[in-house]
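# Descriptive structure summary
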Amino acid sequence: MRGCAIAFDIDHTLAIDNKLERIAFLRLLEAVDAEGGAPLGTLDQETTAIDVLLERQRSGAFSIDEAVRRFVVERGVAQAQPFVLRFREIALSLVDEIIVPLPGVSRMLAELREQDVATAALSNGWSPLQQRKAERSGFAGPVLASSDIGAAKPDPRAFTALVETLGLPADRIWYVGDNPHSDVVGAKAAGLRAAWYNAEGRAYPKDLVPPDAQITNICDVIGLIASPVVR
Ligand SMILES: [Mg+2]
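The shown structure was predicted, so the numbers you read here are calculated from the model rather than taken from an experiment. (Residues numbered from 1 in each chain as written. Predicted model: local features only at pLDDT ≥ 70, side-chain atom pairs only at ≥ 80, totals over all residues. Heavy atoms only, no water.)

Under the domain assignment, the chain is made up of domain 1 (5-16 + 101-225) and domain 2 (20-98). Computed from C-alpha atoms alone, the centre-to-centre distance between domain 1 and domain 2 is 27 Å. Residue-level contacts link 11 residues of domain 1 with 14 residues of domain 2. Of the roughly 1000 Å² buried where domain 1 meets domain 2, counting both sides, 61% is carbon and sulfur surface. On the domain 1 side of the contact with domain 2, Trp126, Leu129 and Arg132 bury the most area, a combined 53% of that side's loss. Joining domain 1 to domain 2, the criterion identifies zero salt bridges. At the junction of domain 1 and domain 2, the tally comes to five residue pairs in polar contact (both at pLDDT 80 or more). (Domains from an automatic or database assignment. Contact = heavy atoms within 4.5 Å. Buried area = accessible area lost by both parts, 1.4 Å probe. Salt bridge = Lys/Arg side-chain N within 4 Å of Asp/Glu carboxyl O. Polar contact = N/O pair within 3.5 Å; in protein donor to acceptor, adjacent residues only side chain to side chain.)

In this structure, the largest pocket spans a volume of roughly 770 Å³. Lining the largest pocket we find 26 residues, and of these Asp11, His12, Arg58, Asp178 and Asn179 sit closest to its centre. Elements with a contribution of two residues or more to the lining of the largest pocket: helix H2 (43-58) and helix H9 (180-189). Among the elements that line the lining of the largest pocket, the one with the most residues is H2, at four residues. For the lining of the largest pocket, the residue count by class is six nonpolar, eight polar and 12 charged. (1 Å grid on protein atoms, 1.4 Å probe; cavity = no way out; pocket = protein on both sides within 12 Å on 5 of 7 lines; lining within 4 Å. Points joined across faces, edges and corners; volume = space filled by probe spheres on them. Helix = DSSP H or I, 4+ residues; strand = E, 2+ residues; numbered from the N terminus. Nonpolar A, V, L, I, M, F, W, Y, C, P; charged D, E, K, R; others polar.)

The next thing to look at is the coordination of the magnesium ion. Each protein donor to the magnesium ion is listed here as Asp9 (OD), Asp11 (O) and Asp178 (OD); together their distances run 2.1 Å. Donor residues binding the magnesium ion come from one chain and are separated in sequence as D-x1-D-x166-D. Exposure remark for aspartate 9: the relative accessible area of 6% places this residue in the buried category. Given the relative accessible area of 16%, aspartate 11 is considered buried. (Donors = N, O, S within 2.8 Å, 3.2 Å for Na, K, Ca; no water. Buried < 20%, exposed > 50% of the residue type's maximum accessible area, 1.4 Å probe, protein only.)

What follows is the structure, given as structure tokens:
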């Protein structure tokens, strides 16, 4: 049906990223070591520290480049900039090997193309990594990354950028994502229709705005196209 669009979260909705950025930071640690820096602790402690850093970056506290600068400076490296570039190279080089598209995604996207449904992706992360992840998943539409928008999900400004990209009224756009807080609550706050992708059979948090639809199989996205639009 024309006049409706489907937008997607990327991580754990279209693909599993298998902690790609954590691995990129651990690889960067080797380079830090080689340049005279020093790890802060054991591998377990480094992994925990990296996850905390990435969590803050994904929530919009700072950019991925700033995360890399903080990481290397904390480990005794004075010249951070070469590591910023090196981190991006490492992360992008890992995409083909590490990103795994979820089963059914390719078929679902082909069906949407067949039906001429407009699509876009909105992800908390940085370009071009999110772009490459989307491509690896077989996704061919526009990809918006929070670092480019200047706002991260669930901030409604991130979804407003998505609406502008798709050029349709917000209530004619479905947003499909696995995270109740950032995907469902964020999309609803911006006036989109939200479909919660619940592949693991979890209970939806009682204290959050409920989704308009819940799907357990990504191929069920096709059924959303025929859903009546509520105005
Ligand atoms: Mg996700």
